[in-house]
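Geometric and topological summary
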Amino acid sequence: MSLALSVPSSVITAPAASLACQAAIAHAEALGIRINVAVTDASGILAAFLRMPHAFLHSIDIAIDKAYTAASFGFPTSQWPQILASDEALRLGLPQRPRLVVFGGGLPIASNGVRLGGIGVSGGSAEQDEACARAGLQALGL
């Protein structure tokens, strides 16, 4: 029996990450809000980031952490309240973890069942942020 020493992995390309950010910004402009948008690879490492002029400074890290959370768990950050509601210990402990965001605005990026990364948006309401992130995915045909 031979031991596998590596596994193949797929990552989002730089042009795709940039396009997703640009599309999220375009949607934010249409909504009349200012956002920060981040795209990470499947490991949660930053692949692209854009900040609109005058977007909230605290939203920089929030956008990055939304992308990180969505990439690492593979589901939208808006699903966390439902998940946490059924488990008291989880509800009290998990949100205390650094970089975990438990409100909307982060979406996983997947193609053909393979997770490529995550996109996170911060600057509007959770619903507006998620709509901007979704615009980023739509620009990629996802």
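Please refer to the structure higher up on the page.
In short, a report on the structure.

Concerning the pattern of salt bridges
What the rule picks out here adds up to four salt bridges. Salt-bridge contacts for arginine 91 lead to glutamate 88; the nearest nitrogen and oxygen are separated by 2.7 Å. Residue arginine 91 and its partner glutamate 88 are both found in helix α4 (residues 88-93); the two are separated by three residues, about one turn of the helix. Arginine 134 serves as the salt-bridge partner of glutamate 130, at 3.0 Å between the closest nitrogen and oxygen. Of this pair, glutamate 130 and arginine 134 both sit in helix α5 (residues 126-139), four residues apart, which is roughly one turn of the helix. Looking at glutamate 130, the relative accessible area reads 16%, which means it is buried.

Considerations on the sheet that holds strand β1 (residues 36-41)
One open sheet accounts for four strands, arranged β2-β1-β4-β3; its pairing is antiparallel. Each edge of the sheet is formed by a strand with only one pairing partner; in this case those strands are β2 (46-51) and β3 (106-111). Within the sheet, the average angular offset between the axes of one strand and its neighbour, ignoring direction, is 15°. As defined by bridge partners, β1 adjoins β2 across five bridges and the pair is classed as antiparallel. Across the sheet, the residue bridging to valine 39 is alanine 48, located in β2. Helix-sheet contacts for helix α1 (residues 14-31) involve β1, β2 and β4 (114-122), and the interaxial angle to β2 is about 25°. Packed on one face of the sheet, helix α2 (residues 58-73) meets β1, β2, β3 and β4 and runs near 155° to β4.

A look at the pairing of β1
Burial analysis of β1 places six of its six residues in the buried class, which makes it a mostly covered element. Across the two faces of β1 the burial is the same, with Asn36, Ala38 and Thr40 and Val37, Val39 and Asp41 all buried. Connecting β1 to the next strand, β2, in antiparallel fashion are four residues, including glycine 44 with a positive phi near 85°. When β1 meets β4, the two strands line up antiparallel, connected through six bridges. Among the inter-strand pairings, valine 39 is bridged to a residue of β4, identified as isoleucine 119.

As for α1
Here α1 spans 26 Å end to end across 18 residues, near enough to the 26 Å set by a 1.5 Å rise per residue. In this structure, the buried residues of α1 make contact with β1, β2, β4 and α5. With a side-chain oxygen positioned 3.1 Å from the backbone nitrogen of alanine 16, the residue opening α1 is threonine 13. Downstream of α1 by a residue or two, glycine 32 has a phi angle that is positive, lying close to 80°.

Each value, and the rule that gives it
- Starting afresh in each chain, residues are numbered from 1 along the sequence in its written order.
- Under the rules for a predicted model, residues below a pLDDT of 70 receive no local features and side-chain atom pairs below 80 are neither given nor counted, while totals for whole chains, interfaces and linings still include all residues.
- Side-chain numbers here rest on the full set of heavy atoms in the structure, without hydrogens or water.
- In the sections that follow, a salt bridge refers to a side-chain nitrogen of Lys or Arg positioned within 4 Å of a carboxyl oxygen of Asp or Glu.
- A helix here means a DSSP run of H or I that spans at least four residues, while a strand means a run of E at least two residues long, and both kinds are numbered starting from the N terminus.
- Working definition: with a 1.4 Å probe on protein chains only, accessible area under 20% of the residue-type maximum means buried, over 50% means exposed, and in between means partly exposed.
- For two strands to be treated as a pair, DSSP must find at least two bridges joining them.
- Only the stretch in contact is used when a helix axis is fitted, and all axes are lines through C-alpha atoms; the angle between N-to-C directions ranges over 0 to 180 degrees.
- When checking whether two residues touch, look at their non-hydrogen atoms; a contact exists if any pair is within 4.5 Å.
- For a helix, the expected span equals 1.5 Å multiplied by the number of residues minus one.
- Polar contact is defined as a pair of N or O atoms within 3.5 Å, subject to the rule that within protein one atom must be able to donate a hydrogen and the other to accept it, and that residues adjacent in sequence are counted only when both atoms are side-chain atoms.

Keep in mind these values describe shape, not function.
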